[in-house]
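# Geometric and topological summary
One letter stands for each residue in the lines below.
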Amino acid sequence: MTTIHGINIDKVGRCRHYHQTNDIVGLKCDRCQQYFACYKCHNALKDHYFVPCAKNTLPVICGNCQHKMNFQEYSRGCCPHCQSAFNPNCHVHYNIYFK
Ligand SMILES: [Zn+2]
Ligand SMILES: [Zn+2]
Ligand SMILES: [Zn+2]
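Residues numbered from 1 in each chain as written. Chains lettered and ligands numbered in written order. Predicted model: local features only at pLDDT ≥ 70, side-chain atom pairs only at ≥ 80, totals over all residues. Heavy atoms only, no water.

## Comments concerning the nonpolar core
By size, the foremost hydrophobic cluster in this structure holds 26 residues, and its most contacted members are Leu27, Val60, Tyr74, Phe86, Tyr97 and Phe98. Counting only elements with at least two residues in this core, the list comes to β2 (25-28), α1 (39-45), β4 (60-62), α2 (71-74) and α3 (94-97). Residue contributions to this core peak at three residues, all from β4. In contact with Val60, other than residues within four places in its own chain, are Val25, Gly26, Leu27, Tyr35, His67, Lys68, Met69, Tyr74 and Phe98. (Core = buried A, V, L, I, M, F, W, Y, C linked by side-chain atoms within 4.5 Å. Buried < 20%, exposed > 50% of the residue type's maximum accessible area, 1.4 Å probe, protein only. Helix = DSSP H or I, 4+ residues; strand = E, 2+ residues; numbered from the N terminus. Contact = heavy atoms within 4.5 Å.)

Structure, rendered in structure tokens:
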């Protein structure tokens, strides 16, 4: 069981910043190697800024089923394991989460 860290986090990975039905992914920081609900949660809880992971690693975790995926799988817009839809608005933050 991988923990998704965040502020006011719920059981599928929604936090105080992003809490719509489809805000269920966790994103991994390359420096601390932990998954967070969003970069705002990471930066509030850690002593360093979020460091993006390479796209061909497993920087994304589905908060619904815990499936870990690379950027290519994530960018299809839903979980390849449980088919939960992801929030398409996360695209505007790609440069924060992936390199
Ligand atoms: Zn970190
Ligand atoms: Zn957050
Ligand atoms: Zn899933």
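## Let's talk about the coordination of the zinc ion (ligand 2)
Taken together, the protein ligands of the zinc ion (ligand 2) are Cys15 (SG), His17 (ND1), Cys38 (SG) and Cys41 (SG), with distances of 2.1 to 2.3 Å. Counting gaps between the donor residues of the zinc ion (ligand 2) yields the pattern C-x1-H-x20-C-x2-C. With a relative accessible area of 3%, Cys15 lands in the buried category. Classification of His17 as partly exposed rests on a relative accessible area of 29%. (Donors = N, O, S within 2.8 Å, 3.2 Å for Na, K, Ca; no water.)

## So, the environment of Phe86
Note on placement: Phe86 falls in the loop between α2 and α3. Its relative accessible area of 6% is what places Phe86 among the buried residues. Through-space distance from the C-alpha of Phe86 to that of His17 is 15 Å; in sequence the pair is 69 residues apart. Setting aside anything within four residues of it in sequence, one finds Phe86 in contact with Asn22, Ile24, Val25, Cys62, Met69, Tyr74, Gly77, Cys78 and Cys79.

## A closer look at the coordination of the zinc ion (ligand 3)
Those protein atoms acting as donors to the zinc ion (ligand 3) are Cys62 (SG), Cys65 (SG), Cys79 (SG) and Cys82 (SG), and they sit at 2.3 Å. Note that the zinc ion (ligand 3) binds four donor atoms; their angles at the metal cover 105 to 114 degrees, and the shape is tetrahedral. For the zinc ion (ligand 3), the single-chain donor residues occur in sequence as C-x2-C-x13-C-x2-C. Taken together, the residues span a long stretch of sequence, with Cys65 in the loop between β4 and β5 (68-69) and Cys82 in the loop between α2 and α3 at a distance of 17 residues. (Tetrahedral: all angles 85-135°; square planar, octahedral: opposite > 155°, others 65-115°.)

## Considerations on the pattern of salt bridges
All told, the structure shown has two salt bridges when counted by the stated rule. In this structure, Asp10 and Arg14 form a salt bridge, with 2.7 Å as the shortest nitrogen-oxygen distance. Overall, the relative accessible area of 22% leaves Arg14 in the partly exposed class. (Salt bridge = Lys/Arg side-chain N within 4 Å of Asp/Glu carboxyl O.)

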